[in-house]
Amino acid sequence: MRVLAVVRSRGHDVSLILAGEGDLRPKLAALADELGVSAKVVFAGNLDQQALAQVYAHAAVLISPLTGRALSEAALGAAPIVAYDLDWQGDLIETGVTGELVPFRNVEALGQATLRLLDDPQRARALGEAARARALDMLDPVKLNAHERATYAKLLGSA
């Protein structure tokens, strides 16, 4: 919500689509009201894979603070991504190569990275395509199976 407010205050006429359900929805709705952006927020609820694929395909920027598997799905959809540097997200998102990675809970950095992508749609699309290529490589079933077998062999060998 805070990123949306910053981005809109800088002249970008964008909306925010929030996918998923959870206990934070009332707080997020209240924050949207407080920041004066509630008319530009869509609480889409839980979306199926087909609907999410459509969102990813048309997103100017996908902001990924805590998305888990959805980050991979967004990358496969070639969405330009801004993500927190948390857990495994840095394995997929590399600043300036496959998206923008910012420090965890740094909302200002999240907003600035989002603005950079909105200000340069051609670069944003190129980063999205690079994220797709990396995700396809990372999620290659042959490579994943080989990695899993090697990990089990290593664990069993040390036991």
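Residues numbered from 1 in each chain as written. Predicted model: local features only at pLDDT ≥ 70, side-chain atom pairs only at ≥ 80, totals over all residues. Heavy atoms only, no water.

### Regarding the overall build of the chain
A count of helical and extended segments in the chain gives eight helices and five strands. Start at the N end of the chain and walk to the C end: the helices and strands fall as α-β-α-β-α-β-α-β-α-β-α-α-α. In terms of overall dimensions, the chain has a C-alpha envelope of 60 × 35 × 30 Å along the principal axes. Expressed as a percentage of its 159 residues, the buried residues of the chain come to 32%. Across the chain, every contact between residues at least 6 apart in sequence was considered, and the portion connecting residues at least 24 apart equals 54%. For the chain, the accessible surface area stands at approximately 9500 Å², while carbon and sulfur atoms represent 55% of it. Each charge class in the chain can be summarised by its mean position, and for the 16 positive and 19 negative side chains these summaries are 1 Å apart. (Helix = DSSP H or I, 4+ residues; strand = E, 2+ residues; numbered from the N terminus. Buried < 20%, exposed > 50% of the residue type's maximum accessible area, 1.4 Å probe, protein only. Contact = heavy atoms within 4.5 Å. Areas by Shrake-Rupley, 256 points an atom, 1.4 Å probe, with all protein chains shown as cover. Lys, Arg positive; Asp, Glu negative; His and termini not counted. Charge placed at Lys NZ, Arg CZ, Asp CG, Glu CD.)

### Some thoughts on the pairing of strand β4 (residues 81-85)
Most of β4 is tucked away: four of the five residues are buried. Examined bridge by bridge, strand β3 (residues 62-64) and β4 share three bridges and lie parallel to one another. If you follow serine 64 over to β4, its bridge partner there is alanine 83. In terms of strand pairing, β4 meets strand β5 (residues 100-103) through four bridges, oriented parallel. Paired with valine 82 across the two strands is glutamate 100, which belongs to β5. (Pairing = 2+ DSSP bridges.)

### Re the confidence of the model for the chain
In this model, the chain carries a mean pLDDT of 92, and residues with pLDDT of at least 70 account for 99%. Averaged over each element, pLDDT in the chain is lowest for helix α8 (residues 141-158) (86) and highest for helix α2 (residues 25-35) (96). (pLDDT = per-residue confidence, 0-100.)

### Side note on the packing of helix α3 (residues 49-58) against helix α4 (residues 69-76)
Each pair of packed helices can be summarised by the angle the axes make with each other and by the distance between the axes. It is at 9 Å that the axes of α3 and α4 come closest, and there the two elements cross at 60°. Taken together, the axes of α3 and α4 are oblique relative to one another. Crossing angle aside, the handedness with which α3 passes α4 is right-handed. Contact with α3, carried on its side by Gln49, Leu52 and Tyr56, involves Arg69, Ala70, Glu73 and Ala74 of α4 and no other residues of that element. Of the residues that constitute the contact of α3 with α4, the class distribution is four nonpolar, one polar and two charged. (Axes fitted to C-alpha atoms, helices over the stretch in contact; angles between N-to-C directions. Parallel < 35°, antiparallel > 145°, perpendicular 65-115°, else oblique. Left-handed = near helix turned anticlockwise from the far one by under 90°. Nonpolar A, V, L, I, M, F, W, Y, C, P; charged D, E, K, R; others polar.)

### Quick notes on the environment of glycine 90
Secondary-structure assignment places glycine 90 in helix α5 (residues 89-92). Relative accessible area serves as the criterion here: at 32%, glycine 90 is assigned to the partly exposed category. A sequence separation of twelve residues divides glycine 90 from valine 102, and the C-alpha atoms of the two residues are 9.6 Å apart.

### Re the side chain of threonine 98
Considering the arrangement of structural elements, one finds threonine 98 in the loop between α5 and β5. A distance of 2.8 Å separates the side chain of threonine 98 from the backbone oxygen of leucine 92, its partner in a polar contact. In terms of polar contacts, threonine 98 uses its side chain to reach the backbone amide nitrogen of glutamate 94, at 2.7 Å. Once residues within four sequence positions are removed from consideration, threonine 98 is found in contact with Leu92, Ile93, Leu127, Ala130, Ala131 and Arg134. (Polar contact = N/O pair within 3.5 Å; in protein donor to acceptor, adjacent residues only side chain to side chain.)

### Structural notes on a nonpolar patch on the surface
On the surface, a nonpolar cluster with roughly 370 Å² of combined accessible area is contributed by Tyr152, Leu155 and Leu156. Residue class for leucine 155 comes out exposed when judged on its relative accessible area of 52%. (Patch = residues over 30% accessible without salt bridge, like charges linked within 9 Å, V, L, I, M, F, W, Y side chains within 5 Å. Salt bridge = Lys/Arg side-chain N within 4 Å of Asp/Glu carboxyl O.)

### Observations regarding the sheet that holds β5
Taken in spatial order, the three strands make up an open sheet running β3-β4-β5, and their pairing is parallel. Of all the strands in the sheet, just β3 and β5 have a single pairing partner and so form its edges. Shown here is a sheet whose adjacent strand axes are inclined to one another by a mean of 20°, direction ignored.

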